[in-house]
Amino acid sequence: MSGFWSGWIILITLGNIFACYWLIRWTTKKRPGEAANGEVTGHQWDGLEEYNNPMPRWWLWLFYITIIFSLGYLVLFPGLGTFKGVLNWSSQGSQYGGEMEQAASTYDPIFKKFAALPIDQVAKDEEAQGMGRRMFLSYCAQCHGSDAEGAKGFPNLADSDWLYGGAPEQIKQSILAGRNGVMPPHKDRVDAAGIDALANYVMSLSGREADAAKVAQGQQLFTANGCLACHGADGKGNQALGGPNLTDSTWLYGSSADTIKETIANGRMGMMPAHADFLGEDKVHLLAAYVYGLSQKK
């Protein structure tokens, strides 16, 4: 924060506090012509008269106490621009750091116990599965759903279809390092008719009804445009690159003809964030075991 903005925040903050003090003093000051305490002011409505009764002293002193408290707080804790307070407290270092150290001393031994075991063995442990589920709901459910069955553009983790492989260590690597899936757009090198033909060929790979002439044309375009580099010559995908299998009934973005055309024309961008720095390997090991266990239940 620049010196200007720091000074501006200090001015506004202290100005508001002292303005509150001035307002209290101004409203309690007797003015010329004002009715004496306990007398009627001359205001009435529907037979009700207004009396000039001052606020109780204890009520006014509550306002003064809040002002004194706010000034003391701003001396001790951050709140005035870049001034950190004489206690040098911070939510990041003082509070968060302390809470994380306390949590680490309590839970790290548990995570390390499971980290020493193979993922497939951890997946069978009831305690580990309970911990893994709670972690999944905290860090993964936003994209994959609380049931892990995903949504449009977010893979279903509870089945046996995997873009990058469903072996225990492959799942762990996906969580640790993240994944970046890119389907390049083809609209600039293939015309609308060609995209329609490619869509028909892709649909035929999974046994769906398609126009035979367009399928033949689409197969040629599939090879000519390098689609087999990611999806394989047989369309069964390439887990090393995250290329989807086009011969099954699992569709990440939808299986309608229009959706497939949209995917071919405009491409797709899929990003799975890396969790290595955020969670650490021991927690990822447990989380991977939970995800692996889900896939084994189907």
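Rules behind the numbers
Residues numbered from 1 in each chain as written. Predicted model: local features only at pLDDT ≥ 70, side-chain atom pairs only at ≥ 80, totals over all residues. Heavy atoms only, no water. Helix = DSSP H or I, 4+ residues; strand = E, 2+ residues; numbered from the N terminus. Buried < 20%, exposed > 50% of the residue type's maximum accessible area, 1.4 Å probe, protein only. Contact = heavy atoms within 4.5 Å. Polar contact = N/O pair within 3.5 Å; in protein donor to acceptor, adjacent residues only side chain to side chain. Axes fitted to C-alpha atoms, helices over the stretch in contact; angles between N-to-C directions. Parallel < 35°, antiparallel > 145°, perpendicular 65-115°, else oblique. Left-handed = near helix turned anticlockwise from the far one by under 90°. Nonpolar A, V, L, I, M, F, W, Y, C, P; charged D, E, K, R; others polar. Expected span 1.5 Å × (residues − 1). Core = buried A, V, L, I, M, F, W, Y, C linked by side-chain atoms within 4.5 Å. Salt bridge = Lys/Arg side-chain N within 4 Å of Asp/Glu carboxyl O.

Chemist: Whenever I open this one, the environment of Tyr290 confuses me. Can you help?
Modeler: Position of Tyr290 among the secondary structure elements: in helix α13 (residues 281-297). Taking the relative accessible area as the measure of exposure, Tyr290 reaches 6% and is therefore buried. With 155 residues separating them in the primary sequence, Tyr290 and Met135 have C-alpha atoms 9.2 Å apart. Excluding residues that lie within four positions of it along the chain, Tyr290 makes contacts with Gln129, Gly132, Arg133 and Phe136. Among the polar contacts listed, one links the side chain of Tyr290 to the side chain of Arg133, at a separation of 3.4 Å.

Chemist: What am I meant to see in the side chain of Asn200 here?
Modeler: One can find Asn200 in helix α8 (residues 192-205). The residues touching Asn200, leaving out its near neighbours within four places in the chain, are Ala210, Asp211, Lys214 and Val215.

Chemist: How should I be thinking about the packing of helix α7 (residues 168-177) against α13 in this particular structure?
Modeler: Angle between the axes and distance between the axes: these two values describe a pair of packed helices. Two elements in contact, α7 and α13, have axes separated by 9 Å at closest approach and are oriented at 125 degrees. Considering their axes alone, α7 and α13 lie oblique with respect to each other. Seen from above, α7 lies across α13 with right-handed handedness. Only Glu281, Val284, His285, Leu287, Ala288, Val291 and Tyr292 of α13 make contact with α7, whose side of the interface consists of Pro168, Ile171, Lys172, Ile175 and Leu176. Tallied by class, the residues present in the contact of α7 with α13 amount to nine nonpolar, one polar and two charged.

Chemist: What am I meant to see in α13 here?
Modeler: With 17 residues, α13 ought to run about 24 Å at 1.5 Å a step, and its terminal C-alpha atoms sit 25 Å apart, in line with that. Of all 17 residues in α13, 12 are buried, a share of seventy percent or more. Within α13 the residues assigned to the buried category are Val284, His285, Leu286, Leu287, Ala288, Ala289, Tyr290, Val291, Tyr292, Gly293, Leu294 and Ser295.

Chemist: How should I be thinking about helix α1 (residues 3-27) in this particular structure?
Modeler: It helps to recall that an α-helix has 3.6 residues per turn; residues three or four apart then point in one direction. Helix length check: α1, at 25 residues, gives a terminal C-alpha distance of 36 Å against a target of 36 Å (1.5 Å per residue), a fit within 8%. Buried within α1 we find Ser6, Ile17 and Ile24. Against the buried residues of α1 lie α2 (57-76).

Chemist: Any chance you could explain the nonpolar core here in plain terms?
Modeler: Nonpolar side chains in soluble globular proteins tend to end up buried together. Among the nonpolar cores identified, the biggest contains 27 residues, and Phe136, Ile171, Leu286 and Leu287 are the most heavily contacted of them. Listing elements by their share of this core, those giving two or more residues are α3 (91-115), α4 (119-122), α5 (126-139), α7 and α13. Considering every element that reaches this core, the biggest residue donor is α13, with nine residues. Within the second largest apolar cluster, 16 residues are counted, among which are Val190, Ile195, Tyr201 and Cys227.

Chemist: Looking at this model, I keep getting lost on the environment of Gln217. Mind explaining?
Modeler: One can find Gln217 in helix α9 (residues 212-224). In this structure Gln217 comes out as partly exposed when scored by relative accessible area, which is 38%. A sequence separation of 31 residues divides Gln217 from His186, and the C-alpha atoms of the two residues are 16 Å apart. When sequence neighbours within four positions are dropped, the list of residues in contact with Gln217 reads Gly194 and Ala197.

Chemist: Can you help me understand the side chain of Asp196 in this one?
Modeler: Relative to the helices and strands, Asp196 is located in helix α8. The exposure class assigned to Asp196 is buried, which follows from its relative accessible area of 15%. Residues contacting Asp196, with those up to four places away along its chain left out, are Lys214 and Lys261.

Chemist: When you look at the pattern of salt bridges in this model, what are you seeing that I'm missing?
Modeler: Two side chains that carry opposite charge are able to pair once their charged atoms sit near each other. Applying the stated criterion across every chain yields a total of six salt bridges. We note a salt bridge from Glu281 to Lys172, for which the minimum N-O separation is 3.2 Å. In this pair, Glu281 is assigned in helix α13 and Lys172 in helix α7, connecting sequence segments 109 residues apart. Overall, the relative accessible area of 8% leaves Lys172 in the buried class. With a closest N to O distance of 3.1 Å, Lys261 and Asp196 form a salt bridge. Taken together, the positions of Lys261 in helix α11 (residues 257-266) and Asp196 in helix α8 put the pair 65 residues apart, joining distant regions of the chain. Within the structure, one salt-bridge network assembled from shared partners comprises Asp196, Lys214 and Lys261.

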